[in-house]
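# Structural features, examined
So the chains spell out like this:
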Amino acid sequence: MGEKKFSKIDCKELKLGMRFSAPVFFDDGENMFLGEEKAVKNYHLDAIQRWNIDHLLTYGHLVAEGKESVPEDLYMLEDLEEVEEF
């Protein structure tokens, strides 16, 4: 079996709502930036800009195109892992 190779993601191309088939890592290739199938949100875009990160890395591929203006609350339910019943 061959070794997996990272694909490079240009941060200038990153948009709200984008999802990838595998986790996305910071440019060091070790620290995770975004989980598998999780949508890019405003705070992700703010972080890469604040920390001057020009690219990210993933073993996966783009599975959902982003949208320029997706409301943050649209993705709130997907982040809930457990719902309590009263």
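Presented here is a report on the structure given in the accompanying data block. (Residues numbered from 1 in each chain as written. Predicted model: local features only at pLDDT ≥ 70, side-chain atom pairs only at ≥ 80, totals over all residues. Heavy atoms only, no water.)

For Y59, the position within the fold is in the loop between β5 (55-58) and β6 (62-64). Y59 sits 37 residues away from A22 along the chain, and the two C-alpha atoms are 6.0 Å apart. What Y59 contacts, discounting residues up to four positions off in sequence, is K4, K5, F6, A22 and P23. (Helix = DSSP H or I, 4+ residues; strand = E, 2+ residues; numbered from the N terminus. Contact = heavy atoms within 4.5 Å.)

Of note, N42 is situated in helix α1 (residues 42-50). A C-alpha to C-alpha distance of 6.7 Å links N42 and L16, two positions 26 residues apart in sequence.

With that settled, the discussion passes to the sheet that holds β5. Strand order in this open sheet of 4 strands is β1-β5-β3-β4, and the pairing throughout is antiparallel. If you trace the sheet from one side to the other, it starts and ends with β1 (7-10) and β4 (32-34), each paired once. Pairing geometry for β1 and β5, over 4 bridges, is antiparallel. In the sheet register, D10 faces β5, and the bridge partner there is H55. (Pairing = 2+ DSSP bridges.)

A separate point is the pairing of β5. By the alternation rule, side chains of β5 split into H55 and L57 and L56 and T58, which are all buried. With 2 bridges joining them, strand β3 (residues 24-25) and β5 adopt antiparallel strand pairing. In the strand pairing of β5, V24 is matched with T58. (Buried < 20%, exposed > 50% of the residue type's maximum accessible area, 1.4 Å probe, protein only.)

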